[in-house]
Amino acid sequence: MSSHGNNSTLEVLPRNKEKIKKIWKTAGILLAITAVEFLLAFTMERGMLLFAIFIGLTLVKAAYIMMEFMHLKDESKTLFWSIMLPLIFLVWLLIALFKEGAEIFMYRW
C-alpha cells in the first residue's frame, strides 16, 4: 500500500483593515445609542415620553442591526421595510395591549 502524504499547512491571511474598521464603527454606533439610553434612564422622569424614546431608540438599533448583520443594507428597500413594518406594528400592539390591560385592571379595583 502506498501512503498518501498529508501536507496540510495552516495559512494565515493578512488582516483586512476595512472589515476591522467596519466592525469597530458598528460597535461604536451601537454603544453610542446604548449610552444615550442609559443617560436618559438615569436623568429623565419615568413616563410615557421616556418609554416612547426607549422604544424609538430600540427600533433604531434593531434597524441598524438588521442592516449590518443581516446584510439588508445592500438589498432592496422593500425587503427592509417588509421586516421593519411588522416589527413596528408588533411594538404598537404590545403597547396597546398593556395599556388596555392596565385600564381593565384599574377599572375592576
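Quick notes on the rules
- Residues numbered from 1 in each chain as written.
- Predicted model: local features only at pLDDT ≥ 70, side-chain atom pairs only at ≥ 80, totals over all residues.
- Heavy atoms only, no water.
- UniProt positions renumbered as here; feature names shortened; annotations may be inferred.
- Helix = DSSP H or I, 4+ residues; strand = E, 2+ residues; numbered from the N terminus.
- Rg over C-alpha atoms; globule rule 2.2 N^0.38 Å.
- Buried < 20%, exposed > 50% of the residue type's maximum accessible area, 1.4 Å probe, protein only.
- Contact = heavy atoms within 4.5 Å.
- Areas by Shrake-Rupley, 256 points an atom, 1.4 Å probe, with all protein chains shown as cover.
- Lys, Arg positive; Asp, Glu negative; His and termini not counted.
- Charge placed at Lys NZ, Arg CZ, Asp CG, Glu CD.
- Salt bridge = Lys/Arg side-chain N within 4 Å of Asp/Glu carboxyl O.
- Phe/Tyr/Trp six-rings, centres within 6.5 Å; stacked < 30°, edge-to-face > 60°.
- Axes fitted to C-alpha atoms, helices over the stretch in contact; angles between N-to-C directions.
- Parallel < 35°, antiparallel > 145°, perpendicular 65-115°, else oblique.
- Nonpolar A, V, L, I, M, F, W, Y, C, P; charged D, E, K, R; others polar.

An unreviewed UniProt entry annotates the chain as Cytochrome C oxidase subunit IV originating from Echinicola rosea. Of the comments in the UniProt record for the chain, the one headed Subcellular location (unreviewed entry) reads "Cell membrane".

Undergrad: I'd like a rundown of the overall build of the chain, residues and numbers included.
TA: The number of helices and strands found in the chain is 3 helices and 0 strands. Relative to the compact-globule value of 13 Å for 109 residues, the chain shows a C-alpha radius of gyration of 23 Å, a clear excess of over 25%. In terms of principal-axis extent, the alpha carbons of the chain reach across some 85 × 35 × 30 Å. Expressed as a percentage of its 109 residues, the buried residues of the chain come to 16%. Within the chain, residue pairs in contact and separated by at least 24 positions form 50% of the contacts whose partners lie at least 6 positions apart. Carbon together with sulfur atoms contributes 70% to the accessible area of the chain, which is approximately 9,800 Å² in total. Both charge centroids of the chain, one from 12 positive and one from 9 negative side chains, sit 5 Å from each other.

Undergrad: Talk me through the pattern of salt bridges; I want residue IDs and the actual numbers.
TA: Using the criterion set out here, one finds 2 salt bridges in the structure. Across the pair Lys22 and Glu68 runs a salt bridge whose closest N-O atoms are separated by 3.8 Å. Of this pair, Lys22 sits in helix α1 (residues 17-43) while Glu68 sits in helix α2 (residues 48-69), and the two are 46 residues apart along the sequence. A relative accessible area of 10% places Glu68 in the buried class.

Undergrad: Tell me about the packing of aromatic side chains, residues and numbers included.
TA: Applying the stated rule across the entire model yields 1 aromatic pair. With a centroid separation of 6.4 Å and an interplanar angle of 25 degrees, the aromatic rings of Phe38 and Phe42 are classed as stacked. Taken as a pair, Phe38 and Phe42 lie in helix α1 at a separation of 4 residues, close to a single helical turn. A relative accessible area of 51% means that Phe38 is categorised as exposed. Taking relative accessible area as the criterion, Phe42 reaches 69% and is therefore assigned exposed.

Undergrad: Which residues make up the UniProt feature "transmembrane region" (unreviewed entry) in the chain, and what are the values?
TA: Following the UniProt record, the feature "transmembrane region" (unreviewed entry) maps to residues 23-42, 48-67 and 79-98 here. Regarding residues 48-67, the helix share stands at 100% and the strand share at 0%, and the terminal C-alpha atoms are separated by 28 Å. Overall, residues 79-98 shows 100% helix and 0% strand. The separation of its end C-alpha atoms is 30 Å.

Undergrad: Describe the packing of α1 against α2, listing the residues and the values that go with them.
TA: The interhelical angle for the contact between α1 and α2, taken along N-to-C directions, is 170 degrees, at an axis separation of 10 Å. Looking at the two axes, α1 sits roughly antiparallel to α2. Contact residues: Lys22, Thr26, Ile29, Leu30, Ile33, Thr34, Val36, Glu37, Leu40 and Ala41 in α1; Leu50, Ile53, Phe54, Leu57, Thr58, Val60, Lys61, Tyr64, Ile65, Glu68 and Phe69 in α2. The residue inventory of the contact of α1 with α2, partitioned by class, reads 14 nonpolar, 3 polar and 4 charged.

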